[in-house]
Amino acid sequence: MSTVENEPPRLYAAREPIFPRRVQGKFRNLKWVLMAITLGIYYITPWIRWDRGPGLPDQAVLVDLANRRFFFFWIEIWPHEFYFVAGLLIMAGLGLFLFTSALGRVWCGYACPQTVWTDLYILVERWVEGDRNARIRLYEQPWTARKARLRITKWTLWLLIGLLTGGAWVFYFADAPTLLKDLVTGQAHAVAYMTIAIMTATTFFFGGFAREQICIYACPWPRIQGAMMDEDTLTVAYREWRGEPRGKIRKGEPTKSDVPPGAKGDCIDCYACVNVCPMGIDIRDGQQLECITCALCIDACDEIMDKIGKPRGLIDYMALKDERAEKVGHEGASLWRHVLRPRTLLYFTLWGAIGVGLIVALFLRSPYDLNVSPIRSPLFVTMSDGSIRNTYELRLRNKQGEAKRFAVGAGDAAGAPIEGLSVSLEGGQGAVEVAQDATFEQRVYLTVRPDAALAEAGQTEITMWIEDEASGRRAAVDTVFHGRGR
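Residues numbered from 1 in each chain as written. Predicted model: local features only at pLDDT ≥ 70, side-chain atom pairs only at ≥ 80, totals over all residues. Heavy atoms only, no water.

## Comments concerning the overall build of the chain
- Along its length, the chain carries 18 helices and 14 strands.
- Whereas a compact globule of 486 residues would reach a radius of gyration of roughly 23 Å, the chain reaches 33 Å, over 25% beyond that.
- Taken over the C-alpha atoms alone, the chain extends approximately 110 × 60 × 55 Å along its principal axes.
- Relative to its full complement of 486 residues, the chain shows a buried share of 43%.
- Counting contacts in the chain only where the partners sit at least 6 residues apart, residues at least 24 apart contribute 68% of the total.
- Counting only carbon and sulfur atoms, one obtains 63% of the accessible surface of the chain, whose full area is about 26,300 Å². (Helix = DSSP H or I, 4+ residues; strand = E, 2+ residues; numbered from the N terminus. Rg over C-alpha atoms; globule rule 2.2 N^0.38 Å. Buried < 20%, exposed > 50% of the residue type's maximum accessible area, 1.4 Å probe, protein only. Contact = heavy atoms within 4.5 Å. Areas by Shrake-Rupley, 256 points an atom, 1.4 Å probe, with all protein chains shown as cover.)

Right, dumping it as structure tokens:
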């Protein structure tokens with residue numbers, strides 16, 4: 001047995017450069033539109049202004065780490081409301097499951113950041129070095145002044161895109177105009193420069209050199225997608241029954257798509273589908289882990305079919321179930337029967353339920369947050385007149401854009417007044433005033449007369465509340481009162 005036969009299987013193959021050819025068609029146009037939209041959202045969003053009033057940032061989308069808040073247009077999320085972010089992440093995951101079960105790796109092919117930036121880098125590469133054949137010749141020729149000039153130009157443009165990418169990222173975490181001025185004048189924090197440098201380097205390397213390697217080796221999604229897809233999932237596929245046997249066709253020669261059909265298939269083995277593939281695979285070999293279903297091979301094949309006078313759709317979005325039906329002469333199921341089936345409807349129902357729940361929670365949340373903690377050492381204090389006093393630590397957060405004054409009260413578990421119970425605040429003030437978007441801590445004393453039932457009891461459940469003196473709106477929490485009883 002030879003040495004080669006004894007070698008273990010290789011888990012990693014050295015990268016071979018891929019030079020995708022330019023192609024035109026509906027899927028390529030769709031990718032251009034989505035690229036413009038996604039890049040526009042990413043680069044422009046930090047510069048959108050949103051007036052929230054005095055003392056609050058005017059940036060529409062801002063992750064304010066210093067004050068531990070997240071602003072999204074009119075929505076303000078506080079740290080204790082992280083369940084909103086968790087809900088959005090769950091919705092994103094279910095959305096991926098939904099689209100993958102219906103249309104395969106449509107996320108990877110059209111909206112994944114790695115795909116979008118790689119498309120942008122390939123576009124720049126094509127502008128500088130030419131289309132596929134010109135880039136191959138340039139790659140294979142020895143280094144010359146022209147080759148060095150073209151490479152330096154391309155790499156410079158790539159670095160500029162990476163710099164803009166890293167710069168846009170840090171603008172989400174600080175006021176964009178102010179941070180830009182600080183960056184240019186050298187007054188920004190070192191963390192900002194480090195973040196931009198890391199983002200620039202990773203964008204430059206991932207989009208310019210790693211490209212399909214990230215999708216094949218670094219991303220886990222190609223290995224997960226198998227569990228999300230079934231025989232009803234629409235994905236990019238080759239109609240082997242129609243295309244084989246492939247080979248050159250004379251003009252006017254009948255093939256399998258003609259009536260009556262010929263002996264040859266419609267595929268002329270032109271490799272157009274392979275030459276446009278950003279992953280460098282041959283879709284005619286069947287479903288492969290590397291395929292991101294970008295559908296550029298569909299555009300390339302349709303263009304060839306138009307030139308040789310054959311029907312489009314040799315490579316198309318189709319389901320495995322349809323392929324089997326077509327082989328025996330039946331028509332495949334309609335698009336809606338593939339998309340609207342129990343599995344996708346379940347994903348959509350879960351996705352929609354979480355979305356509705358988040359919207360309801362957003363509108364029902366209180367503009368105040370109240371937390372009351374009893375001081376347990378000691379549980380109670382007996383005053384000189386025999387009355388019983390409990391001490392509490394009140395923590396109040398005012399999430400509104402203006403200062404508010406609150407009265408503090410207490411009652412039984414149902415909120416009704418308790419006979420003999422009085423409320424006093426440390427310092428003798430009658431109410432607490434909390435600044436806008438601020439948290440205020442105050443010690444509160446509850447005292448009951450010595451002859452009151454609450455003083456004779458052991459532990460009694462009560463309710464404490466704060467009331468906005470301007471609007472009368474209340475926020476309440478349950479706590480306990482400790483009396484003399486055991």
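## Points about the pattern of salt bridges
- Within this structure, the stated rule accounts for 40 salt bridges.
- With its nearest N and O atoms 3.2 Å apart, the salt bridge here joins arginine 443 to glutamate 393. In this pair, arginine 443 is assigned in strand β12 (residues 438-448) and glutamate 393 in strand β8 (residues 388-398), connecting sequence segments 50 residues apart.
- On the basis of relative accessibility, which here comes to 29%, the residue arginine 443 falls in the partly exposed class.
- The partly exposed category is assigned to glutamate 393, whose relative accessible area is 24%. (Salt bridge = Lys/Arg side-chain N within 4 Å of Asp/Glu carboxyl O.)

## Structural notes on the nonpolar core
- Core analysis: the biggest nonpolar cluster contains 38 residues, and Val236, Ile298 and Ile315 have the highest contact counts within it.
- For this core, the secondary-structure elements that each account for two or more residues are α3 (83-103), α4 (106-110), α10 (212-218), α11 (221-228), β4 (235-238), α13 (272-275), α14 (296-308) and β5 (315-318).
- Looking at this core element by element, the count peaks at 7 residues for α14.
- Not counting residues within four places of it along the chain, the set of residues in contact with isoleucine 298 comprises Phe27, Val236, Ile315, Asp316 and Tyr317. (Core = buried A, V, L, I, M, F, W, Y, C linked by side-chain atoms within 4.5 Å.)

## Topic: a nonpolar patch on the surface
- A cluster of nonpolar side chains, Leu157, Leu160, Leu163 and Leu164, forms an exposed patch at the surface whose accessible area comes to about 350 Å².
- In this fold, leucine 163 is placed in helix α7 (residues 145-170).
- Of the residues examined, leucine 163 reaches a relative accessible area of 45% and is grouped as partly exposed. (Patch = residues over 30% accessible without salt bridge, like charges linked within 9 Å, V, L, I, M, F, W, Y side chains within 5 Å.)

## Structural notes on the pairing of β8
- Extensive coverage of β8 is indicated by the burial of 8 of its 11 residues.
- In terms of strand pairing, strand β6 (residues 368-374) meets β8 through 7 bridges, oriented antiparallel. The residue of β8 that forms the bridge with serine 373 is glutamate 393.
- In this structure, strand β7 (residues 381-382) lies alongside β8, joined through 2 bridges in antiparallel fashion. Considered in β8, the bridge of valine 381 is made with arginine 389.
- Between β7 and β8, which pair antiparallel one after the other, the connecting turn spans 5 residues, and glycine 386 there sits at a positive phi close to 90 degrees.
- Where β8 lies against β12, 11 bridges are found, and the strand directions are antiparallel. (Pairing = 2+ DSSP bridges.)

## Notes on the sheet that holds strand β1 (residues 61-64)
- Pairing within the open sheet is antiparallel, and its 3 strands lie in the order β1-β2-β3. At either margin of the open sheet sits one strand with a lone partner, and together these are β1 and β3 (75-77). The sheet shows a mean angle of 10 degrees between the axes of neighbouring strands, direction not considered.
- As paired elements, β1 and strand β2 (residues 69-72) share 4 bridges and run antiparallel to each other. (Axes fitted to C-alpha atoms, helices over the stretch in contact; angles between N-to-C directions.)

## Focus: the pairing of β2
- Of the two faces of β2, only the one carrying Arg69 and Phe71 is buried; Phe70 and Phe72 on the other face are not.
- From the end of β1 to the start of β2, which pair antiparallel, there are 4 residues, and arginine 68 there has a positive phi angle of about 55 degrees.
- Two elements, β2 and β3, share 3 bridges in a ladder whose sense is antiparallel. Within β3, the position partnered with phenylalanine 71 by the bridge is glutamate 76.
- What sits between the antiparallel neighbours β2 and β3 is a turn of 2 residues, in which phenylalanine 73 has the positive phi angle 50 degrees.

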